[in-house]
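Okay, here's what each chain looks like letter by letter:
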Amino acid sequence: MAVDIKSGELDALHYHLPPALRAGSPAEANSVILVSCEREEVGLYDGCIPAYRTVCEAYVVDRTDGVISYTTTARRNPPDEIVTYEEGSCSYAGNANKPRPTDELAERIEQLPRR
């Protein structure tokens, strides 16, 4: 199971894992993946529109002993271009973010050795 650290809810990463790695209920989970994602500003578009990249960390925690067995960080860079239009002295960005790097995290976790 993949859980968002901030909300305590099931994280989207859970649904990107292969079915064989997804527990149907908390009782079935041998490990829990704790996920934390943040946006960090990495520059500006047109000199005034913040460009953000999403940085996600995942921690695989063994439920029997609480030990973190694996950690990884994945980054998703901001879009190369965004749709902008003028409003006052600055352009407005319709969306200056890309989706979270969930697929990259799922691929890394899928490749981990199994017990």
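Residues numbered from 1 in each chain as written. Predicted model: local features only at pLDDT ≥ 70, side-chain atom pairs only at ≥ 80, totals over all residues. Heavy atoms only, no water.

**Examining the state of the cysteines**
Okay, step 1: In the structure shown here, the tally under the stated rule is 1 disulfide.
Okay, step 2: Between the sulfur of Cys 37 and that of Cys 56 lies a disulfide, 2.0 Å long from S to S. Every disulfide takes its handedness from the sign of the S-S torsion; for Cys 37 and Cys 56 that torsion is 115°, giving right-handed. Here Cys 56 lies in strand E3 (residues 49-62) and Cys 37 lies in strand E2 (residues 31-45), a separation of 19 residues in the sequence. Both residues of the pair, Cys 37 and Cys 56, count as buried. (Disulfide = S-S within 2.5 Å. Helix = DSSP H or I, 4+ residues; strand = E, 2+ residues; numbered from the N terminus. Buried < 20%, exposed > 50% of the residue type's maximum accessible area, 1.4 Å probe, protein only.)

**Some words on the environment of Ala 74**
Okay, step 1: Here Ala 74 is to be found in strand E4 (residues 68-76).
Okay, step 2: Taking the C-alpha atoms as reference points, Ala 74 and Thr 102, separated by 28 residues in sequence, lie 8.2 Å from one another.
Okay, step 3: Ignoring sequence-local partners within four residues, the contact set of Ala 74 consists of Thr 54, Val 55, Cys 56, Pro 101, Glu 104, Leu 105 and Arg 108. (Contact = heavy atoms within 4.5 Å.)

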